[in-house]
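Chains, contacts and geometry: an overview
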Amino acid sequence: MKPLRRIFKFFKWFLILSLAMMAIVIGCWLLMPDQELDPGAKQLLEVRAAIPSEQNAYFMLWGLQASPELDAHAVGRQIIDAHEKQIAVHANLVDFKPAQFLGKTPLSLKPATRRCDIDQENCLKVYQGLQPQVASDTVNYAAYLARYRSLRSYPQFSEKAMTVSAASPTLEYGPLVTLSNLVDAGIALQMQAPATRKAALDELSKEITLWRRFLQDSDTLLTQMVSTAVLHRKFRLASEIMQADPDVLRAHPDRMAAITAPIPPEHANLTRALAGEFRFAASVHQDLKRAFAQAAPSANLADRISKPFVSVGAYQPNATINRAYAQYLESAAFYANSPKQILAGHQALTEKASQLNWWNPTFIAYNPIGKFLLGGGAVDVSRYAFRLHDLVGHSRLIDLQRRIGEAGIPMDMVPAYLARAEPNLTDPYSEQPVVWHAPSRTMSFGGYGERYLKNGRVQVELGAGGR
């Protein structure tokens, strides 16, 4: 009997201690108030687009698909204004549909011109082989192409005009990118005739300028990555034009120099986009307590379990936002480093993010749900940083291609030319000259963005640009 009594006594005291600890933890939740928002976080959250709506291309993006008879910019403004009114009164956005503002016959864009696979095909030749379809699509979507081109006339772009929450609609980029591809196809057709080559190069230059602005001014990772993808395609098209017609370099040197101008690293970093992602996350955290409190009996299991814990203070929105702000500062500071430094240190940052002591008393005693939602530390967004720096390197390769072709440098002299390249034309990761592969006549560097690579490298074929 004594062993049984000892076991009973052990479990008795274990239960008492457990209940006591639970009472202490719940007492901490009830007694410890939410934090005041960090002044820096508060300032970042209060940032709004100080751009007059008529100068902001973001409004046109929202109205791009509106019926042809409507003013697309005005439609975009209606959508954003209606959304902001809903946000201001904490209304449920589940039923908010931008489509209701687009008119009777909004864009249904399924052109026959297929998207060229830049990893496998020469897009200049592909589009030139699709001339009937390209011509037909250009006529059928003329009104929308005019709207798309009007984006170039806006002096600025800012997504801060919309206060995005978890339930907010997402801007559809598919039609925008398809129109961009159709413009590229038109450029390819114009390059076939000497009389229209100047117009084609002017169009390509305007396209690259537009998407470089989107890249630089993106307030979200999504817009930044779409811009990165589109610019890869346009730089590739420029490269194929130089390969197909080296004389274009001497006939239109100023236009080609504008097209191939390398992207400065400061125009391709995550700082602005990470700030936007922080603002989005903060809006989610601000709404989360209300959502938990309003969770219906029919809600999912996680919400039903979380509701009583939230009601006694296990979740503190301001404390969660402050913690997210600290993580944002850490990430922004790290990803503002050079590509070489990011490559060397991103694994350590990732490991730090995974370190979370679930049994630390401070973890459990205050805002455990908020800490759980945020994880251990700064989120690893290195793949997005690498895609940006791969693009910067790609633009450098394109400019090197132009310079080599324009100067008529013989192939056997290319390695020596690359060895003397300026610092802003080197491999962004090693900060050394890019690699020359004579048999394939390609310049390349190792890429880390997972896309637009061949055997792990960003590369450009020199073609017949030299002698």
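All figures in this text were calculated on a predicted structure; none of them were measured in a lab.

What counts as what
- Residues numbered from 1 in each chain as written.
- Predicted model: local features only at pLDDT ≥ 70, side-chain atom pairs only at ≥ 80, totals over all residues.
- Heavy atoms only, no water.
- Helix = DSSP H or I, 4+ residues; strand = E, 2+ residues; numbered from the N terminus.
- Buried < 20%, exposed > 50% of the residue type's maximum accessible area, 1.4 Å probe, protein only.
- Contact = heavy atoms within 4.5 Å.
- Areas by Shrake-Rupley, 256 points an atom, 1.4 Å probe, with all protein chains shown as cover.
- Pairing = 2+ DSSP bridges.
- Axes fitted to C-alpha atoms, helices over the stretch in contact; angles between N-to-C directions.
- Parallel < 35°, antiparallel > 145°, perpendicular 65-115°, else oblique.
- Left-handed = near helix turned anticlockwise from the far one by under 90°.
- Nonpolar A, V, L, I, M, F, W, Y, C, P; charged D, E, K, R; others polar.
- Salt bridge = Lys/Arg side-chain N within 4 Å of Asp/Glu carboxyl O.
- Disulfide = S-S within 2.5 Å.
- pLDDT = per-residue confidence, 0-100.
- Phe/Tyr/Trp six-rings, centres within 6.5 Å; stacked < 30°, edge-to-face > 60°.
- 1 Å grid on protein atoms, 1.4 Å probe; cavity = no way out; pocket = protein on both sides within 12 Å on 5 of 7 lines; lining within 4 Å.
- Points joined across faces, edges and corners; volume = space filled by probe spheres on them.
- Arc of directions from axis to C-beta.

A few points about the overall build of the protein chain
- Summing up its helical and strand segments, the protein chain has 20 helices and 3 strands in all.
- Considering the protein chain as a whole, with its 467 residues, one finds that 49% of them fall into the buried category.
- Considering only intrachain contacts with a sequence separation of at least 6, the fraction spanning at least 24 residues in the protein chain is 75%.
- Total accessible area on the protein chain is roughly 22,900 Å²; 58% of this is exposed by carbon and sulfur atoms.

Remarks on the sheet that holds strand β3 (residues 457–461)
- With antiparallel pairing, 3 strands are arranged side by side in an open sheet as β1-β2-β3. One side of each edge strand has no neighbouring strand; the edge strands of this open sheet are β1 (435–437) and β3. Shown here is a sheet whose adjacent strand axes are inclined to one another by a mean of 25°, direction ignored.
- Examined bridge by bridge, strand β2 (residues 442–446) and β3 share 5 bridges and lie antiparallel to one another. Across the sheet, Ser444 pairs through a bridge with Gln459, a residue of β3.

Here we look at the packing of helix α10 (residues 221–244) against helix α19 (residues 382–407)
- Where α10 contacts α19, the axes come no closer than 10 Å and their chain directions differ by 20°. By the angle between their axes, α10 is roughly parallel relative to α19. Crossing angle aside, the handedness with which α10 passes α19 is left-handed. Two secondary-structure elements touch here, α10 through Leu221, Gln224, Met225, Thr228, Leu231, His232, Phe235, Arg236, Ser239, Met242 and Gln243 and α19 through Tyr384, Arg387, Leu388, Asp390, Leu391, His394, Ser395, Ile398, Gln401 and Arg402.
- Here the contact of α10 with α19 is composed, by residue class, of 9 nonpolar, 8 polar and 4 charged.

Description of the pattern of salt bridges
- One pass over the full model with this rule turns up 19 salt bridges.
- Of the charged contacts in the structure, one is a salt bridge between Asp247 and Arg250, with a shortest N-O distance of 3.6 Å. Here the residue Asp247 and the residue Arg250 both occupy positions in helix α11 (residues 247–251), the gap between them amounting to 3 residues, near one helical turn.
- Its relative accessible area of 52% is what places Asp247 among the exposed residues.
- Here Arg250 falls in the partly exposed class, since its relative accessible area comes to 45%.
- Residues Arg402 and Glu406 are paired through a salt bridge, measuring 3.7 Å at the closest nitrogen-oxygen approach. In this pair, Arg402 and Glu406 both sit in helix α19, 4 residues apart, roughly one turn of the helix.

With respect to the state of the cysteines
- In the structure shown here, the tally under the stated rule is 1 disulfide.
- Between the sulfur atoms of Cys116 and its disulfide mate Cys123 the distance is 2.1 Å. Given an S-S torsion of about -90°, the disulfide between Cys116 and Cys123 has left-handed geometry.
- On the basis of relative accessible area, Cys116 is assigned to the buried category, the value being 2%.

Some thoughts on the confidence of the model for the protein chain
- Overall, the prediction assigns the protein chain a mean pLDDT of 84, with 82% of residues at 70 or greater.
- Note that residues 294–302 has pLDDT below 50 and, in this model, 6 contacts with residues that lie over four places away or in other chains.

Re the packing of aromatic side chains
- Across all of its chains, the model carries 13 aromatic pairs by this definition.
- A ring pair is formed by Phe157 and Phe214, whose centres lie 4.7 Å apart and whose planes are at 55°; its orientation type is tilted. With Phe157 in the loop between α7 (142–150) and α8 (174–190) and Phe214 in helix α9 (residues 194–217), this residue pair connects regions lying 57 residues apart in the sequence.
- Considering the side-chain rings of Phe278 and Tyr325, the 5.6 Å spacing of their centres and the 55° angle between planes classify their relative orientation as tilted.

Remarks on empty space enclosed by the protein
- Under the definition given, this model contains 3 cavities of 30 Å³ or more.
- As for the largest cavity, its lining consists of Ile118, Cys123, Tyr127, Asp184, Arg233, Arg236 and Leu237.
- Counting residues per element, the ones that place at least two in the lining of the largest cavity are α5 (123–128) and α10.
- Its residues placed into classes, the lining of the largest cavity shows 4 nonpolar, no polar and 3 charged.

Structural notes on α7
- What α7 keeps buried is the set Tyr144, Leu145, Arg147 and Tyr148. Seen from one end, α7 has its buried residues packed into an arc of 160°, which puts them on one side.

Quick notes on the layout of surface pockets
- The computed volume of the largest pocket comes to approximately 1,200 Å³.
- What lines the largest pocket is a set of 44 residues, and nearest its centre among them are Val164, Ser165, Ala166, Ser168 and Ser283.
- Elements with a minimum of two residues in the lining of the largest pocket: α2 (39–45), α3 (57–63), α4 (72–88), α10 and α13 (271–293).

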